[in-house]
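So the chains spell out like this:
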Amino acid sequence: MQNKICLYLLVLMLFCMILAGCGEKVPEEVEDTSLQDIKEKGYMVLGVNDSVPPLSFIDRNEQISGFDIELVQEIANRLGVELNFETVGQQDGITELENKNIDLLNGVIVSDEMKEKIEYSMNYLNNRYLYVIRRDSDISSIDGLSNIKIGMLEGVSNQLDSEKNVWMTNNEVVTFSSKQEALMELGLGKIDMVIMDEWFAKHINTQRPSEFKWLDEKIDSGAYSMAFNKNDILFKQEVDRIIGEMMNDGFIENLSRKWFGERVITQ
């Protein structure tokens, strides 16, 4: 008899749970109007760090300029909207994107840990490091180097595997707060080599070809992309379509040659 009562109570509890579940409202999926919103307002806002030449910087005419600026301007043109700018720092750019104060962010290094916070566009620029030396240097390879001074930007060492890059322990590593400072010290002979982003090194070479060169070895380090709010999938997909179109019709390659002297794009 006691077993029957327990079974009855169990069935009653399950019945009540089913009734309660029927009364709950299933959350409706939020409609993605991101692309429509951009077209309706007639402009998109690019969050830009204006001190990263040649990607985005203030030129001698006090205008925002650079490879990324011309790239995103062409995306806006093909979307049929205007391009507005909002200056953001490297640290607060993602927050501004999450808060919808900007529509996209340029020059973002692709990172697995950030994929939970933002959406990335397709890659458009290689992010490899070159071993940059003075034009008159007799260094021919990174292999076997020891007891020289190697400069790099603050934070770069965190991206490199010291076991694969033994030069990090066999030589003195000097860190700098800017690429320009590191190159100046290299030019003055105070250091022997600089670990430099490929795109920046090649841009500098178009400006000052007689000063620097680089070794054949490269350090692969991901790629550059644009970032979007996690919910703006349709807008992101349309930008991807346009980037692919510009890859195919030669626009991005021509832009690459203008700013870097050669092709440094990802495809």
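The present account deals with the structure reproduced in this document. Keep in mind it's a predicted model, so treat the numbers as computed, not measured.

Thoughts on the pattern of salt bridges
So, step 1. All told, the structure shown has 18 salt bridges when counted by the stated rule.
So, step 2. K236 is the salt-bridge partner of D240, the closest N and O atoms lying 2.8 Å from each other. Of this pair, D240 and K236 are both found in helix α8 (residues 233-249), 4 residues apart, which corresponds to roughly one turn of the helix. Neither residue differs from the other here; D240 and K236 are each classed as buried.
So, step 3. Ionic pairing is found between R257 and E253, a salt bridge with its closest N-O pair at 3.0 Å. Of this pair, R257 and E253 both sit in helix α9 (residues 251-260), 4 residues apart, roughly one helical turn.
So, step 4. Salt bridges sharing common partners tie together E74, R78, E238, R241, E245 and D249.

Some remarks on the packing of aromatic side chains
So, step 1. All told, the structure shown has 7 aromatic pairs when counted by the stated rule.
So, step 2. Considering the side-chain rings of W199 and Y224, the 5.8 Å spacing of their centres and the 90 degrees angle between planes classify their relative orientation as edge-to-face. Here W199, found in helix α7 (residues 198-207), pairs with Y224, found in strand β12 (residues 212-229); they are 25 residues apart in sequence, far enough to count as distant. As far as the burial class goes, W199 and Y224 line up, both buried.
So, step 3. Linked through ring pairs, F67, Y124 and F260 together constitute an aromatic cluster.

Details of the environment of D192
So, step 1. Residue placement: D192 occurs in the loop between α6 (179-187) and β11 (193-197).
So, step 2. D192 has contacts with I133, R134, I139, I148, K149 and L186, leaving out every residue within four places of it along the chain.

Considerations on the sheet that holds strand β3 (residues 56-58)
So, step 1. Read across the open sheet, the 3 strands follow the order β2-β3-β4; overall the sheet is antiparallel. Whereas interior strands pair on both sides, the edge strands pair on one side only; in this sheet they are β2 (51-52) and β4 (64-65).

Considerations on the pairing of strand β8 (residues 125-134)
Taken residue by residue, a regular strand's side chains alternate between the two faces of the sheet.
So, step 1. Taken across its 10 residues, β8 has 9 buried, putting it largely inside the fold.
So, step 2. Alignment of β8 against β12, held across 8 bridges, turns out to be antiparallel. Each bridged residue has a counterpart across the sheet, and for N126 the counterpart in β12 is A223.
So, step 3. For β8 and β11, the ladder comprises 4 bridges, and the chain directions are antiparallel. For Y129, the partnering residue across the bridge sits in β11 and is D197.

Structural notes on the environment of T175
So, step 1. Locating T175 in the fold gives a position in strand β10 (residues 172-176).
So, step 2. By relative accessible area, T175 is classed as partly exposed at 44%.
So, step 3. Distance in space between the C-alpha atoms of T175 and V194 is 9.6 Å, their sequence separation being 19 residues.
So, step 4. Non-local contacts of T175, meaning those with residues more than four positions away in its chain, are made with M152 and E154.

Description of the nonpolar core
So, step 1. Ranked by internal contacts, the top residues of the largest apolar core, which has 49 residues, are M44, F67, I75, L125, M226 and F235.
So, step 2. When residues no more than four places from it in sequence are discounted, the contact partners of M44 are I38, V72, I75, A76, L79, V81, E82, L83, N84, D103, L104 and F235.
So, step 3. Within the second largest apolar cluster, 17 residues are counted, among which are I148, W167, L215 and I219.

Examining the pairing of β12
So, step 1. Where strand β6 (residues 104-109) and β12 come together, 4 bridges link them in antiparallel fashion. Each residue of the ladder has a partner; that of L105, found in β12, is A227.

Description of the packing of helix α2 (residues 34-41) against α8
So, step 1. Where α2 meets α8, the axes come as close as 5 Å, and the angle between the chain directions of the two elements is 75 degrees. Considering the angle they form, α2 stands roughly perpendicular to α8. Two secondary-structure elements touch here, α2 through S34, L35 and I38 and α8 through I233, L234, F235 and E238.
So, step 2. The class makeup of the residues in the contact of α2 with α8 is 5 nonpolar, 1 polar and 1 charged.

Focus on the side chain of D240
So, step 1. Judged by relative accessible area, which is 15%, D240 ranks as buried.
So, step 2. Only 2.8 Å separates the side chain of D240 from the side chain of K236, close enough to count as a polar contact.
So, step 3. Excluding anything up to four places from it in sequence, D240 contacts S121 and M122.

Conventions and cut-offs
- Residues numbered from 1 in each chain as written.
- Predicted model: local features only at pLDDT ≥ 70, side-chain atom pairs only at ≥ 80, totals over all residues.
- Heavy atoms only, no water.
- Salt bridge = Lys/Arg side-chain N within 4 Å of Asp/Glu carboxyl O.
- Helix = DSSP H or I, 4+ residues; strand = E, 2+ residues; numbered from the N terminus.
- Buried < 20%, exposed > 50% of the residue type's maximum accessible area, 1.4 Å probe, protein only.
- Phe/Tyr/Trp six-rings, centres within 6.5 Å; stacked < 30°, edge-to-face > 60°.
- Contact = heavy atoms within 4.5 Å.
- Pairing = 2+ DSSP bridges.
- Core = buried A, V, L, I, M, F, W, Y, C linked by side-chain atoms within 4.5 Å.
- Axes fitted to C-alpha atoms, helices over the stretch in contact; angles between N-to-C directions.
- Parallel < 35°, antiparallel > 145°, perpendicular 65-115°, else oblique.
- Nonpolar A, V, L, I, M, F, W, Y, C, P; charged D, E, K, R; others polar.
- Polar contact = N/O pair within 3.5 Å; in protein donor to acceptor, adjacent residues only side chain to side chain.

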